[in-house]
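# Chain and residue survey
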Amino acid sequence: MNQSENSKKLNTFFNEEYTSLKSYVSSNLKSSINKDAEDIIQDVALKLFTSADRYSPINNVAGFVYRAIKNKLIDVMRSTKNRNN
């Protein structure tokens, strides 16, 4: 199976920037959240890779990935807040 251009870009980005992504997620996680940075990155990566063919060409891969991670962090924090109430 031939990889789409978006999948290639995402794959390269995740391979080169995984450590930076992990640091970013760790620094933005609240200590009260019982979730690992790697779990969040893997959740986002899975979602991005499974739907890479549906996106228009990704020009700014870093911005695209960091925005997806930021949105996931917001979702995780929101769901944790709702469970505590």
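Let us look at the structure shown here.

What counts as what
Residues numbered from 1 in each chain as written. Predicted model: local features only at pLDDT ≥ 70, side-chain atom pairs only at ≥ 80, totals over all residues. Heavy atoms only, no water. Helix = DSSP H or I, 4+ residues; strand = E, 2+ residues; numbered from the N terminus. Buried < 20%, exposed > 50% of the residue type's maximum accessible area, 1.4 Å probe, protein only. Areas by Shrake-Rupley, 256 points an atom, 1.4 Å probe, with all protein chains shown as cover. Axes fitted to C-alpha atoms, helices over the stretch in contact; angles between N-to-C directions. Parallel < 35°, antiparallel > 145°, perpendicular 65-115°, else oblique. Left-handed = near helix turned anticlockwise from the far one by under 90°. Contact = heavy atoms within 4.5 Å. Phe/Tyr/Trp six-rings, centres within 6.5 Å; stacked < 30°, edge-to-face > 60°. 1 Å grid on protein atoms, 1.4 Å probe; cavity = no way out; pocket = protein on both sides within 12 Å on 5 of 7 lines; lining within 4 Å. Points joined across faces, edges and corners; volume = space filled by probe spheres on them. Nonpolar A, V, L, I, M, F, W, Y, C, P; charged D, E, K, R; others polar. Polar contact = N/O pair within 3.5 Å; in protein donor to acceptor, adjacent residues only side chain to side chain. Core = buried A, V, L, I, M, F, W, Y, C linked by side-chain atoms within 4.5 Å.

What follows deals with the overall build of the protein chain. Along the backbone of the protein chain there are three helices and zero strands. From first element to last, N terminus to C terminus, the protein chain shows the α and β order α-α-α. Within the protein chain, the fraction of its 85 residues that count as buried is 29%. Accessible area for the protein chain stands at about 5900 Å²; split by element, carbon and sulfur atoms hold 45% of it.

Attention now goes to the packing of helix α1 (residues 5-28) against helix α2 (residues 37-50). Axis separation between α1 and α2 bottoms out at 10 Å; the angle between their running directions is 155°. Judged by the inter-axis angle, α1 sits roughly antiparallel to α2. Handedness of the crossing formed by α1 with α2: right-handed. From α1, Ser7, Leu10, Asn11, Phe14, Tyr18, Leu21, Lys22, Val25 and Ser26 reach across to α2, where they touch Ala37, Glu38, Ile40, Ile41, Gln42, Ala45, Leu48 and Phe49.

Following the criterion strictly, the structure yields four aromatic pairs and no others. Ring geometry for Phe13 and Tyr66: centres 6.3 Å apart, planes at 80°, overall edge-to-face. Of this pair, Phe13 sits in helix α1 while Tyr66 sits in helix α3 (residues 61-84), placing them 53 residues apart in sequence. The buried category is assigned to Phe13, whose relative accessible area is 11%. When its relative accessible area of 24% is taken as the criterion, Tyr66 is described as partly exposed.

One water molecule sets the probe size; rolling that probe over the atoms shows where empty space is left. What the largest pocket holds in volume is close to 210 Å³. As for the largest pocket, its lining consists of Asp43, Val44, Lys47, Leu48, Tyr55, Phe64, Arg67, Ala68, Asn71, Lys72 and Asp75. Residue contributions to the lining of the largest pocket peak at six residues, all from α3. Grouping the constituent residues of the lining of the largest pocket by class yields five nonpolar, one polar and five charged.

Here the focus is the side chain of Ser51. Looking at the secondary structure, you find Ser51 in the loop between α2 and α3. Among the residues examined, Ser51 registers a relative accessible area of 4% and is labelled buried. For Ser51, the side chain forms a polar contact with the main-chain oxygen of Lys47, separated by 2.7 Å.

Further remarks concern the nonpolar core. Core analysis: the biggest nonpolar cluster contains 20 residues, and Leu10, Phe14, Leu21, Val25, Leu48, Val65 and Ile69 have the highest contact counts within it. Counting only elements with at least two residues in this core, the list comes to α1, α2 and α3. Setting aside residues up to four positions removed in sequence, Val25 forms contacts with Ala37, Ile40, Ile41, Ile69 and Leu73.

By themselves these figures say nothing about function.
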